[in-house]
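# Structure assessment
Residue strings, one per chain:
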Amino acid sequence: MKSFANQSNTQIAWLARRDGTVVIGHGPFRAAKEPLEDGISFFKRDFAIQEDFPWQIPADSEVISAADFKSRFAGEGGLEVEWHTPDAMPFSLVFQEIMDRIRQGLIEKTVPVVVERGRAKHAAGANIVAAMARQSAPLHTYGWVDGDAGFAGATPELLISMKGLHLETMALAGTAREEDEEVFGVDEKEIREHEYVAQTLVSKLLDLGGLRRQERAILHLGSIVHFLTNISVDLESEQEPKRLLRRLHPTPALGPLPRTDETMAMLNEWRERLDCPSEFGAPFGVWEAGRFEAVVAIRGLWWQGKDVLLPAGCGIIEASRLVNEWRELRLKRDAVKRFII
Ligand SMILES: C=C(O[C@H]1C=CC=C(C(=O)O)[C@@H]1O)C(=O)O
């Protein structure tokens, strides 16, 4: 039985799936064009770039229960980090530019990202892995460790869960503090922001088979709530994960609406300007012999040695206001900081 050791040559990946199992891959990993037909392969890519070799084949892999994963990796201690509150000025400039683009009719929605930086007292990797291993459903813990660098999180956003001819996905967008739940439920701006995502997903999947869209609900995640719409499709034919991801990613929960080369280029420029890590908001998935599950890599930490990054994004539409978005970004970062206590 292997556990996590903070060694310079350690390579490990994991993803908690909907059914309560966790798939773990141990390195070294080999990058590949296609997944192993009968084995386990991880899917890892950047938000913007479509790599030719997005599959990562582990030297060794295992599937264990979430409870076993927790007892093996969770550890006890928290992670002490000295955080540096991000400067609001660069974000306010990006926000203004986005509003100009919206008024010009070039975009309806996009999702800039603000990054908070921190410095941990000790090498951060092992403690971050432990913190994410302590998180449970409805969050999906995920991670990628490469020596003393990596990223790991506990995301509420499932992008694809596919087994044979059955596919499930979700629209997750619209955010409030838990204590504001009542007014959130009737907030037109939040509902519109959510509906952009739900309706885009429906339109991108409609031609694949029999689609069912459930009613919009509120997902409770402790301090924070979101609008959630579950969507399922009985597929007419088998779908290749890579092609499905190309169809769906990025949804307007993380990406621009409409999604064109031009609007993606705008968002990538804003993300780069605000120093967003390249995998933030990208699909991260695992294939196991005909079964594929991928989450959206948000609510996580990126680290190298003792340096830690905490990115969070917020959906901007015409009705968005700078102060509220800044507050929402902090709310999302605070949710991640709670993981590491
Ligand atoms: C982009 C993030 O959240 C997404 C998921 C839920 C709600 C969101 C929102 O209300 O903007 C975002 O779409 C993030 O946590 O960094």
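For every chain, the first residue of its written sequence is number 1, and the numbers climb from 1 along that sequence. pLDDT decides what is reported in this predicted model: residues at 70 or higher carry local features, side-chain atom pairs at 80 or more are listed and counted, and totals for whole chains, interfaces and linings draw on all residues regardless. Side-chain descriptors were evaluated using all non-hydrogen atoms of the structure, hydrogens and water having been removed beforehand.

## Here's the deal with the overall build of the chain
Here is the rule we go by: Put simply, DSSP H or I for four residues or longer makes a helix, DSSP E for two residues or longer makes a strand, and each gets a number counted from the N terminus. The globule rule is 2.2 Å times the number of residues to the power 0.38, and the radius of gyration it is compared with is taken over C-alpha atoms. Relative accessibility decides the category of a residue: with a 1.4 Å probe and only protein chains considered, values under 20% of the type maximum give buried, values over 50% give exposed, and everything between is partly exposed. The contact definition used throughout considers only heavy atoms, calling two residues in contact when any of these lie within 4.5 Å. Per-residue accessibility takes into account occlusion by the displayed protein chains alone, with areas from the Shrake-Rupley method and a 1.4 Å probe. Under this rule, positive means Lys or Arg and negative means Asp or Glu; His and the chain ends count for nothing. Charge placement uses NZ in Lys and CZ in Arg. For Asp and Glu, CG and CD serve respectively.
Secondary structure assignment for the chain yields eight helices and 19 strands. Its C-alpha atoms give the chain a radius of gyration of 19 Å, near enough to 20 Å, the size a compact globule of 341 residues would have. Seen along its three principal axes, the alpha-carbon backbone of the chain occupies a region of about 55 × 50 × 35 Å. Among the 341 residues that make up the chain, the fraction classed as buried is 58%. Looking at the chain alone, contacts between residues at least 24 apart form 73% of all its contacts between residues at least 6 apart. With an accessible surface of roughly 14,800 Å², the chain has 47% of that area assigned to carbon and sulfur atoms. Charge separation in the chain, taken as the distance between the mean sites of 41 positive and 51 negative side-chain charges, equals 1 Å.

## Observations concerning the site of the ligand
The cut-off we apply is this: For this purpose, a residue is taken to be near a molecule or strand whenever a single non-hydrogen atom of the residue falls within 4 Å of it. Polar contacts, as used here, are pairs of N or O atoms within 3.5 Å; protein pairs need one atom able to donate a hydrogen and one able to accept it. Residues neighboring in sequence count only if both atoms are side-chain atoms. In the cavity and pocket records, a cavity denotes points on a 1 Å grid over the protein atoms alone where a 1.4 Å probe fits but cannot get out, a pocket denotes an open set with protein on both sides within 12 Å along at least 5 of 7 lines, and lining residues are residues with an atom within 4 Å of a point. Being in a pocket or cavity means that more than half of the molecule's atoms lie within 2 Å of its grid points.
Lining the immediate environment of the ligand, one finds 18 residues, of which Gly174, Thr175, Ala253, Arg299 and Gly313 sit closest. Backbone polar atom of Gly174 to an oxygen atom of the ligand: 2.9 Å apart, as the coordinates give it. One can see that the ligand is located within the largest cavity. Of all the secondary structure elements, the ones that give two or more residues to the shell around the ligand are strand 12 (166-177), strand 19 (307-313) and helix 8 (322-339).

## A word on the packing of aromatic side chains
Selection criterion: Pairing of aromatic rings covers Phe, Tyr and Trp, the last counted by its six-membered ring, and requires centre-to-centre distances within 6.5 Å; plane angles under 30 degrees mean stacked, over 60 mean edge-to-face, and any other angle means tilted.
This model, assessed by the stated rule, comprises 16 aromatic pairs. Here the aromatic rings of Phe91 and Phe95 are separated by 6.2 Å at their centres, their planes lie at 50°, and the arrangement is tilted. Of this pair, Phe91 and Phe95 both sit in helix 2 (residues 88-103), four residues apart, which is roughly one turn of the helix. Accessibility expressed as a relative area gives 5% for Phe95, which makes it buried. With centroids separated by 5.6 Å and ring planes inclined at 35°, the aromatic side chains of Phe91 and Trp326 adopt a geometry described as tilted. Here the residue Phe91 occupies a position in helix 2, and Trp326 occupies one in helix 8, the gap between them amounting to 235 residues.

## What to know about the pattern of salt bridges
Rules: When a carboxyl oxygen of Asp or Glu lies within 4 Å of a side-chain nitrogen of Lys or Arg, that pair is called a salt bridge.
The full count for this structure, using the stated rule, is 23 salt bridges. Note that Arg72 is salt-bridged to Glu62, the shortest N-O span being 2.7 Å. Here Arg72 is found in helix 1 (residues 66-73), whereas its partner Glu62 is found in strand 6 (residues 60-65), with ten residues between them in sequence. Ionic pairing is found between Glu179 and Arg177, a salt bridge with its closest N-O pair at 3.6 Å. Under the relative-accessibility criterion, Glu179 is labelled exposed at 56%. Classification of Arg177 by relative accessible area gives partly exposed; the value is 38%. It is possible to trace a salt-bridge network through shared partners that takes in Lys189, Glu190, Glu193 and Glu325.

## Description of the side chain of Arg271
Tracing the backbone shows Arg271 in helix 7 (residues 261-273). The side chain of Arg271 sits in the buried core without any salt bridge; Glu279 is the nearest counter-charge, 7.6 Å away. Apart from residues no more than four positions distant in its own chain, Arg271 is found in contact with Phe47, Val113, Cys276, Pro277, Ser278 and Phe280.

## Re the nonpolar core
Let me state the cut-off plainly: As used here, the term nonpolar core means buried Ala, Val, Leu, Ile, Met, Phe, Trp, Tyr and Cys residues forming a set that is joined through side-chain atoms within 4.5 Å.
If you look at the biggest cluster of nonpolar residues, it comprises 107 residues, and the most contacted ones within it are Trp14, Ile128, Ile160, Phe284 and Phe292. Here Ile160 is in contact with Leu167, Glu168, Leu244, Leu245, Leu248, Phe292, Glu293 and Ala294, once residues within four sequence places are set aside.

## A look at the pairing of strand 2 (residues 21-26)
Cut-off, in case you're wondering: By the convention used here, strands pair only if DSSP detects at least 2 bridges between them.
With six of six residues buried, strand 2 lies mostly within the body of the structure. Here strand 1 (residues 11-16) pairs with strand 2 via five bridges, running antiparallel. In the strand pairing of strand 2, Leu15 is matched with Val23. The hairpin turn running from strand 1 into strand 2, its antiparallel successor, is four residues long, and Gly20 in that turn takes a positive phi close to 90°.

## Remarks on empty space enclosed by the protein
Worth spelling out the cut-off: Grid points are joined across faces, edges and corners, and a volume is the space filled by probe spheres set on the points. Gly falls in the polar group here, along with every residue not listed as nonpolar (Ala, Val, Leu, Ile, Met, Phe, Trp, Tyr, Cys, Pro) or charged (Asp, Glu, Lys, Arg).
What the rule picks out here adds up to two cavities of 30 Å³ or more. In this structure, the largest cavity encloses a volume near 230 Å³. Contributing to the lining of the largest cavity are 22 residues, with Ala253, Ile298, Arg299, Gly313 and Lys332 lying nearest its centre. Contributing elements (two or more residues each) for the lining of the largest cavity: strand 12, strand 19 and helix 8. Tallying contributions element by element places strand 12 first for the lining of the largest cavity, with four residues. Classifying every residue of the lining of the largest cavity by side-chain character gives eleven nonpolar, five polar and six charged. Size it by volume and the second largest cavity reaches roughly 40 Å³.

## Thoughts on the environment of Ile24
When you line up the elements, Ile24 lands in strand 2. When the C-alpha atoms of Ile24 and Pro86 are compared, they prove to be 34 Å apart, with 62 residues separating the residues in sequence. Discounting residues that sit within four places of it in the chain, Ile24 has contacts with Ile12, Ala13, Trp14, Phe42, Asp60, Ser61, Glu62, Ile64, Phe69, Arg72 and Phe73.

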